[in-house]
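Each chain, written out:
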Amino acid sequence: MQTTFAPNQTTSPVNTDKASDWKPSDVESDLEKGQPYGKTYTKNMWYYALPSDKLKKGEIESKVMLGEPIVIGRDNEGKLFALRDICPHQAVPLSAGPFDGKELMCPFHGWKFDTSGTCTEIPSLCSDQKMNLCKIRTANYPVKEVLDSIWVYFGDAVSEADLPEVPYAPGLDGLKYQKNTVTLQLPTHIDYAVAALIDTAHVPYVHKSWWWRSAKSVKEKTKTYVPSGTGWTMVKHQPSKHSLAFKLIGKYLETEISFRLPGCRREYLTFNGTTFLAGITTLTPVDETHTELNHTTYWTLPIPKFLADPVLNYFVTTFLKQDQTLALLQENIINKYKPRLIMTIKDAGTPGHWYFLLKKEWNAATSEKRPFVNPIKETKLRWKT
Ligand code: FES
Ligand SMILES: [Fe+2]
């Protein structure tokens, strides 16, 4: 039976153990209610900021994250900090002034701020003009370094105990690795960027490269998904034989792919259960219409970084630019014509549907101060890709 879906309708994920169980759903999605597509962020979350090697002792970097100007720095002792990059005096970016490894100095009137964001000196004050400088502050953000990547927390947590876990990569625990990070900007809201990141149906159409695969190689697939953390894991399986890359590597490998809020996809390639290659893709909103994508490749094989870097930079950038081209086409339509999106279809679009369920539940759980309950149930999904 052929079923058509009206735009704005989405489907609910249904366990598809047997092909005969599969029924298209015409249930109108409630995902847009209270959580408009392409407008909100996942709150109270860690967001990827920078690869660690971009920030040496005594250095600062400025970035816009979730619509906020942020200055991230590493003091002379190696301790990280992240501050709102706005001088509370007259709104000049603190990152435009010097940092001596201890304090930032605003370039306008020379006010100084320590790495917690508190003012320590106002040079224009005469010796008898006393002010309580502690009350003059710019906001600070929790910041963490995990697997040689720097993450910044955006949310309401007031103590360390309230902070969620950084979406790190347990598959690399205890392993010695090298890494390469490629950064690229997508011209879309993070919701669209996540939808594309976890969508498998676009792969044979968008990622056409002689070294990857062609649209002709489309095959049917069945994968089992289980809820895990703030997302899901596609249970370990042998990697796709479509691609030349995987054909060359052989049949002794396993791959495990997972997703975590707010927009983090992890993929491990293992040999005899040990990770030798991992890819972590993170999405961080710059603002409502731009998202930064960072793809970090970790490898535990003895391949020197100076040899791996140019190869990874070429292949990863080529691959991601294919996504960027599509995102630009999509954004041109969204900006100009503002269609009410988005339709997801079973089963290929089910992860996109899950993303919204997860985000909605996470935002509700954190604002109600209750434990997050993962809304995903173990499910088999079938699709052609
Ligand atoms: S604006 Fe920063 S010191 Fe005046
Ligand atoms: Fe893609």
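Calculation criteria
Residues numbered from 1 in each chain as written. Chains lettered and ligands numbered in written order. Predicted model: local features only at pLDDT ≥ 70, side-chain atom pairs only at ≥ 80, totals over all residues. Helix = DSSP H or I, 4+ residues; strand = E, 2+ residues; numbered from the N terminus. Buried ≥ 20, exposed ≤ 12 C-beta atoms within 10 Å, placed from the backbone. Contact = placed C-beta atoms within 7 Å. Pairing = 2+ DSSP bridges. Expected span 1.5 Å × (residues − 1). Axes fitted to C-alpha atoms, helices over the stretch in contact; angles between N-to-C directions. pLDDT = per-residue confidence, 0-100. Core = buried A, V, L, I, M, F, W, Y, C linked by C-beta atoms within 7 Å. Domains from an automatic or database assignment.

Caption draft 1: Examining the overall build of the protein chain more closely. For the protein chain, the count of helices and strands is 5 helices and 18 strands. Split into buried and exposed, the 385 residues of the protein chain put 30% on the buried side. Excluding contacts between residues fewer than 6 apart, the proportion of contacts in the protein chain whose partners are at least 24 apart in sequence is 58%.

Caption draft 2: Geometry of the pairing of strand 13 (residues 231–237). Where strand 12 (residues 220–228) lies against strand 13, 4 bridges are found, and the strand directions are antiparallel. What sits directly across from Val226, in strand 13, is Thr233. Taking the residues that link successive antiparallel strands as the turn, the strand 12-strand 13 hairpin has 2 residues, and the phi of Gly229 there is positive, at about 55°. Examined bridge by bridge, strand 13 and strand 14 (residues 253–260) share 5 bridges and lie antiparallel to one another. Bridge pairing in strand 14 links Thr233 to Ser258.

Caption draft 3: Structural view of helix 4 (residues 305–337). With 33 residues, helix 4 should reach 48 Å at 1.5 Å per residue; the first-to-last C-alpha distance of 45 Å fits that figure. Taken residue by residue, helix 4 has Leu312, Ala327 and Ile334 as its buried positions. Against the buried residues of helix 4 lie strand 11 (178–186), helix 1 (190–197) and strand 17 (290–299).

Caption draft 4: The sheet that holds strand 6 (residues 112–114), seen in detail. One open sheet accounts for 3 strands, arranged 5-6-7; its pairing is antiparallel. For this open sheet the edge positions go to strand 5 (103–105) and strand 7 (119–121), each flanked by a neighbour on one side alone. Averaged over all neighbouring strand pairs, the angle between strand axes comes to 35°, with direction disregarded. Inspection of the sheet shows strand 5 paired to strand 6 by 3 bridges, in the antiparallel sense. Within strand 6, the residue paired with Met105 across the bridge is Lys112.

Caption draft 5: Broad picture of the confidence of the model for the protein chain. Overall, the predicted model of the protein chain reaches an average pLDDT of 86, with 84% of residues at or above 70. Considering only residues more than four positions removed or in separate chains, one finds that residues 1–17, a stretch of pLDDT under 50, has 44 contacts.

Caption draft 6: Region of interest: the sheet that holds strand 4 (residues 80–84). Pairing within the open sheet is antiparallel, and its 4 strands lie in the order 2-3-4-8. The two strands at the open ends of the sheet, each matched to only one other strand, are strand 2 (59–65) and strand 8 (140–141). Relative to strand 8, strand 4 is paired through 2 bridges, and the arrangement is antiparallel. Bridging across to strand 8, Leu83 finds its partner in Asn140.

Caption draft 7: Main features of helix 5 (residues 350–367). Relative to the 26 Å expected for 18 residues at 1.5 Å per residue, helix 5 spans 26 Å between its end C-alpha atoms, a close match to the ideal helical length. All of the buried residues along helix 5 are Thr350, Pro351, Gly352, His353, Trp354, Tyr355, Phe356, Leu358, Lys359, Trp362, Asn363 and Thr366. Tucked inside the fold, the buried residues of helix 5 contact helix 1, strand 13, strand 14 and strand 18 (379–384). In the stretch just after helix 5, Lys369 is the one whose phi turns positive, near 55°.

Caption draft 8: Geometry of the nonpolar core. Ranked by internal contacts, the top residues of the largest apolar core, which has 59 residues, are Tyr47, Ala49, Ile72, Trp151, Val152, Ala193 and Val194. The element that contributes the greatest number of residues to this core is helix 1, accounting for 7 residues. Each of domain 1 (45–161) and domain 2 (165–384) gives at least three residues to this core. When residues no more than four places from it in sequence are discounted, the contact partners of Ala49 are Lys63, Met65, Ile72, Ile150, Trp151 and Val152.

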